[in-house]
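Below are the chains, spelled out letter by letter.
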Amino acid sequence: QVQLVESGGGLVQAGGSLRLSCAASGSIFSINAMGWYRQAAGKQRELVAVITNSGSIVDADSVKGRFTISRDNAKNTVYLQMNSLKREDTAVYYCNVRVAAGTIPTDYWGKGTLVTVSS
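Calculation criteria
Residues numbered from 1 in each chain as written. Predicted model: local features only at pLDDT ≥ 70, side-chain atom pairs only at ≥ 80, totals over all residues. Heavy atoms only, no water. Buried < 20%, exposed > 50% of the residue type's maximum accessible area, 1.4 Å probe, protein only. Helix = DSSP H or I, 4+ residues; strand = E, 2+ residues; numbered from the N terminus. Pairing = 2+ DSSP bridges. Axes fitted to C-alpha atoms, helices over the stretch in contact; angles between N-to-C directions.

> Which residues make up the pairing of strand β11 (residues 113–118), and what values do they have?
Two faces belong to every sheet, and in a regular strand the side chains alternate between them. Of the two faces of β11, the one holding Thr-113, Val-115 and Val-117 is buried and the one holding Leu-114, Thr-116 and Ser-118 is not buried anywhere. Relative to β11, strand β2 (residues 10–13) runs parallel, the two sharing four bridges. Across the sheet, Gly-10 pairs through a bridge with Val-115, a residue of β11. Two elements, strand β9 (residues 91–101) and β11, share three bridges in a ladder whose sense is antiparallel. Looking across to β11, one finds that Tyr-93 is bridged to Thr-113.

> How would you summarise the sheet that holds strand β1 (residues 2–7) if you had to cite specific residues and measurements?
Within the open sheet, the four strands sit side by side as β1-β3-β8-β7. Their pairing is antiparallel. A single partner strand is all that each edge strand has here, and the edge strands are β1 and β7 (67–72). Between one strand and the next, the sheet's axes are offset by a mean angle of 15°, whatever the strand orientation.

Structure (structure tokens):
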């Protein structure tokens, strides 16, 4: 069973920066991708950024040029560096890990960490 531990959330002023971390542990054979999603109050969860096992990155248009996703393969850890934060970035951020299990991948989710941006 895969466990995810997130950290780095908090309250910052608009224009500030935060760095989120997510460490995966447990029964991991092959990680296909790691990434971050977020859910604002009253809204649906949305993709923020994902980094694949080959190092390719996909991120949302709303965070391009401001957020950077990275990964430490040896530590099974994914990071999200968030710069130039806006009040619209306020949300609960969830870590996601997709693990290969045979031919069918399985998604695991963290409990979420709250990011609040004040104006």
